[in-house]
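One letter stands for each residue in the lines below.
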Amino acid sequence: MGLQKSQNKQYNAGNQSKSVSKRLDSLDALRGFDMFLIIGGTYLISTFIDAMNWTSLGWLTAQFKHVPWHGLTFEDVIFPLFLFMVGVSMVYSIASSRKKGLSDQDIYIKAFKRMLLLSVLGIIYKNRPLHFDLEEIRFVSVLGRIGVTGFIGTLIVMNTNIRGQIYWLAGLLIFYWLSMLFIPVPGYGAGDLSQEGNLAGFIDRIIVPGRLKDGNFDELGYFEHIPSIGLVLMGALAAHILRKEIIDIKKVTYLGIIGAGCILGGIIWNFHFPINKHLWSSSFIMVTGGISFLFLALFYQIIDVWGFKKWSFVFKIIGLNSIFIYLASALIDFRYTSNYLFNGFFEMAGEDGKRFLLQLSVLLLEVGLLYFLYKKRIFFKV
């Protein structure tokens, strides 16, 4: 993990586009918004609703919990949105690397090293406290998926044009769909989408070392990487649109139309291949990818087009050090520090109020650390 000073650069489009673009403030803000939710933002909202005793908003707090199996909540969109932004960033990163004179081989090596580093960091994150019992180590992780899908996405984007990338996206999702529905699993047959009988779990039990999260299944398993790459390619498509030399209203319109189309396609696909975050079903990829297009269109319109940036400053400083704070939130006990400093105040707020204030103070400490790094121009890049 290296350190880089903040820079504003123009990016050469290479063989993807001839346009020139500055760094997207909206992308940093959207990444920070997403990471804010990951490190405890949804829990903060839930505890605030409980503290205010707003029972009528129970439907909202239910959106901050993963569905048991089939279905979709807002919580299920958070990680796919991050993978989508990996694809957006990847296109800009490739263009920047080419502008600096890096060869394709240099870019491949850089992406490969990033994949390895993220995979190692993911193992550390998922196995706290760190141990060396290989049979009990969980080798698959959120960071590992980011690394693998980012690397494969880089290979695809650098060796195909936009049409080829769309073909890859469609091919991966259709291949996963047909495999899950029509390849039989011993003892369960074909098309069994239960936790015990689905094809992805069966393959992961064979090829994934160590332990799986649920014993017989892990949603971050290797086979589920296949459809996950689709989200990265969707993000790459969004980046190609943003880099085109067209007026901003057309960019936002294209993002919105594609997003709505993906959502509709995913809903229709759901009737044959259910939306399922645990399985990373093709319909789930389509719907969450579509929602990601809409989020990007909204943030781009407000921040980069209209220029309303001040409101997103907190999200921006989170986004500039997103991987760092993801790891720090697990490896640094911010909750202990908050209790140590403010427990006397928390006790006066009642049980529900205490949970809210504790979570608020944890997030304030995390943001305070990120603000310090931002002021020192220290950004951890993987």
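Residue numbering note: each chain is counted from 1, following its sequence as written. Thresholds applied to this predicted model are a pLDDT of at least 70 for local features of residues and 80 or more for the giving and counting of side-chain atom pairs; totals over whole chains, interfaces and linings are not thresholded and use all residues. Processing note: side-chain calculations cover all non-hydrogen atoms of the structure and skip hydrogens and water entirely.

Next up on the list: the packing of aromatic side chains. Within 6.5 Å between ring centres, the rings of Phe, Tyr and Trp (the latter by its six-membered ring) count as paired, and their orientation is classed by plane angle as stacked under 30 degrees, edge-to-face over 60, tilted in between. For the coordinates displayed, the defined rule picks out 25 aromatic pairs. Both rings, one in F33 and one in F315, keep their centres 5.4 Å apart while their planes meet at 75°; by these two values the pair is edge-to-face. Residue F33 is found in helix α1 (residues 25-51), and its partner F315 is found in helix α11 (residues 313-319); the two are separated by 282 residues along the sequence. As far as the burial class goes, F33 and F315 line up, both buried. Ring geometry for Y125 versus Y326: centroids 4.4 Å apart, planes at 15°, classification stacked. Linking Y125 in helix α4 (residues 104-126) with Y326 in helix α12 (residues 322-331), this pair joins segments that are 201 residues apart in sequence. Taken as a pair, Y125 and Y326 share a single burial class, namely buried. Comment: elements are numbered from the N terminus, with helices defined as DSSP H or I runs of at least four residues and strands as E runs of at least two. For each residue, the accessible area found with a 1.4 Å probe, counting protein chains only, is set against the maximum for its type, and the residue is called buried under 20%, exposed over 50%, and partly exposed in between.

Time to look at the confidence of the model for the protein. Residues of the protein with pLDDT of at least 70 account for 94%, and the chain-wide mean is 91. Confidence scores here are pLDDT values: one per residue, from the predictor, ranging 0 to 100. Only heavy atoms enter the contact rule, under which two residues are in contact if any of them lie within 4.5 Å. Here residues 3-21 is a poorly scored stretch, pLDDT under 50, and it has 51 contacts once near neighbours within four places are set aside; other chains count.

This part takes up the side chain of E366. For E366, the position within the fold is in helix α14 (residues 350-375). For the buried E366, no salt bridge exists, and the shortest N-O distance to an oppositely charged side chain is 8.0 Å, to R335. Discounting residues that sit within four places of it in the chain, E366 has contacts with I39, I325, S329 and F334. Counted as positive: Lys and Arg. Counted as negative: Asp and Glu. His and the chain ends are not counted at all. For this document, the term salt bridge refers to a Lys or Arg side-chain nitrogen within 4 Å of an Asp or Glu carboxyl oxygen.

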